[in-house]
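Listed below, chain by chain, are the residues.
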Amino acid sequence: MGKLTVRALRAVLAVVLAGTVFVQALMVWALATDPEDGSLPLTPLRVIAILGMASAQVALVCVWRLVTMVRRGTVFSHAAFRYVDGVIGAIVAAALLWFAVTVLNAPGQRADPGVTVIMGGVGLAILGVALIVLVLRMLLAQAVARDVEAAQMRAELDEVI
């Protein structure tokens, strides 16, 4: 990765992280000061929004660490799995939170259950993203195994020479 690409990605990650922290702080403030009027279950929705942003923040931090590893040339190591697993966990948590929003929204959609079905489909799509990242993790595992194997062969070759 080039320096410009890394800087641009880090700038985007930093702006998104700062934005989520700001919105999260506003949601905590609203949770503490704004009472519910009874039209929507605001407290659970606000808690879910706060937790959803926390899962996004976990993913952002993990991606930042992976970009750092790519820049240093150390991404093909076992240490990278921790961050990829963090991204997968954050995506799965986001999907579960989305399903919670769907459940909270469902009673209000009795006249039009299609909205609930669509929301459930969005939750499945989010889980699909987690599965895609899991496949990418498997590819990373293969690359790490090949890198270890190549290092062993280089060491054996160095002994022979």
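Criteria and cut-off values
- Residues numbered from 1 in each chain as written.
- Predicted model: local features only at pLDDT ≥ 70, side-chain atom pairs only at ≥ 80, totals over all residues.
- Heavy atoms only, no water.
- Helix = DSSP H or I, 4+ residues; strand = E, 2+ residues; numbered from the N terminus.
- Rg over C-alpha atoms; globule rule 2.2 N^0.38 Å.
- Buried < 20%, exposed > 50% of the residue type's maximum accessible area, 1.4 Å probe, protein only.
- Contact = heavy atoms within 4.5 Å.
- Areas by Shrake-Rupley, 256 points an atom, 1.4 Å probe, with all protein chains shown as cover.
- Lys, Arg positive; Asp, Glu negative; His and termini not counted.
- Charge placed at Lys NZ, Arg CZ, Asp CG, Glu CD.
- Salt bridge = Lys/Arg side-chain N within 4 Å of Asp/Glu carboxyl O.
- Expected span 1.5 Å × (residues − 1).
- 1 Å grid on protein atoms, 1.4 Å probe; cavity = no way out; pocket = protein on both sides within 12 Å on 5 of 7 lines; lining within 4 Å.
- Points joined across faces, edges and corners; volume = space filled by probe spheres on them.
- Nonpolar A, V, L, I, M, F, W, Y, C, P; charged D, E, K, R; others polar.
- Core = buried A, V, L, I, M, F, W, Y, C linked by side-chain atoms within 4.5 Å.
- Patch = residues over 30% accessible without salt bridge, like charges linked within 9 Å, V, L, I, M, F, W, Y side chains within 5 Å.
- Polar contact = N/O pair within 3.5 Å; in protein donor to acceptor, adjacent residues only side chain to side chain.
- Axes fitted to C-alpha atoms, helices over the stretch in contact; angles between N-to-C directions.
- Parallel < 35°, antiparallel > 145°, perpendicular 65-115°, else oblique.

Description of the overall build of the protein
And then number 1: Looking only at helices and strands, one finds four helices and zero strands in the protein.
And then number 2: Of the regular secondary structure in the protein, the N- to C-terminal order runs α-α-α-α.
And then number 3: Here the protein has a C-alpha radius of gyration of 21 Å; the compact-globule value for 161 residues is 15 Å, and the former is much larger.
And then number 4: For the protein, the spread of C-alpha atoms along the three principal axes comes to 80 × 30 × 25 Å.
And then number 5: Looking at the protein residue by residue over its 161 residues, the buried ones come to 25%.
And then number 6: Put simply, 70% of the contacts in the protein that link residues at least 6 apart link residues at least 24 apart.
And then number 7: Carbon and sulfur atoms form 72% of the exposed surface of the protein, whose accessible area is close to 10,200 Å².
And then number 8: Counting 12 positive and 10 negative side-chain charges, the protein places the centres of these two groups 9 Å from one another.

Examining the pattern of salt bridges
When charged atoms on two side chains of opposite charge get close, those side chains can pair.
And then number 1: In the structure shown here, the tally under the stated rule is one salt bridge.
And then number 2: Across the salt bridge formed by arginine 137 and aspartate 85, the nearest N and O atoms sit 2.5 Å from each other. In this pair, arginine 137 sits in helix 4 (residues 114–160) while aspartate 85 sits in helix 3 (residues 79–105), placing the two residues 52 residues apart along the sequence.
And then number 3: Owing to a relative accessible area of 25%, arginine 137 belongs among the partly exposed residues under this scheme.
And then number 4: On the basis of relative accessible area, aspartate 85 is assigned to the partly exposed category, the value being 35%.

A look at helix 2 (residues 42–72)
And then number 1: Given a rise of 1.5 Å per residue, 31 residues ought to cover 45 Å, and the 45 Å separating the end C-alpha atoms of helix 2 matches this to within 8%.
And then number 2: Phi turns positive one or two residues past the end of helix 2, at glycine 73, with a value near 80°.

A word on the layout of surface pockets
And then number 1: In this structure, the largest pocket encloses a volume near 280 Å³.
And then number 2: As for the largest pocket, its lining consists of Val63, Leu66, Val67, Val70, Val75, Val84, Val87, Val133, Leu136, Arg137 and Leu140.
And then number 3: Sorting the residues of the lining of the largest pocket by element identifies helix 2, helix 3 and helix 4 as the ones contributing at least two each.
And then number 4: Looking at the lining of the largest pocket residue by residue, the class counts come to ten nonpolar, no polar and one charged.
And then number 5: Of the pockets and cavities examined, the second largest pocket occupies roughly 180 Å³.
And then number 6: In terms of lining, the second largest pocket is formed by Gly52, Met53, Ser55, Ala56, Ala59, Leu60, Val63, Val87, Ala90, Ile91 and Ala94.
And then number 7: Listed by contribution, the elements that provide at least two residues to the lining of the second largest pocket are helix 2 and helix 3.
And then number 8: A per-element tally of the lining of the second largest pocket places helix 2 first, with seven residues.

Thoughts on the nonpolar core
And then number 1: Among the nonpolar cores identified, the biggest contains 15 residues, and Leu66, Met69, Ala80, Val84, Val133 and Leu140 are the most heavily contacted of them.
And then number 2: When contributions to this core are tallied by element, the ones reaching two or more residues are helix 2, helix 3 and helix 4.
And then number 3: The element best represented in this core is helix 3, accounting for seven residues.
And then number 4: Every residue in contact with valine 133, bar those within four places of it in the chain, is listed here: Val84, Val87, Ile88 and Ile91.

Here we look at a nonpolar patch on the surface
And then number 1: Taken together, the side chains of Ile132, Val135, Leu136 and Leu139 present a nonpolar region at the surface, about 370 Å² in accessible area.
And then number 2: Secondary-structure assignment places leucine 139 in helix 4.

Let's talk about the side chain of glutamine 57
And then number 1: Tracing the backbone shows glutamine 57 in helix 2.
And then number 2: We classify glutamine 57 as buried; its relative accessible area is 13%.
And then number 3: At a separation of 3.2 Å, a polar atom in the side chain of glutamine 57 contacts the side chain of threonine 20.

Brief notes about the packing of helix 3 against helix 4
Geometrically, a packed helix pair is captured by the angle between its two axes and the distance between the axes.
And then number 1: At a minimum axis distance of 9 Å, the contact between helix 3 and helix 4 shows a crossing angle of 170°. Regarding the angle of helix 3 to helix 4, the classification is roughly antiparallel.

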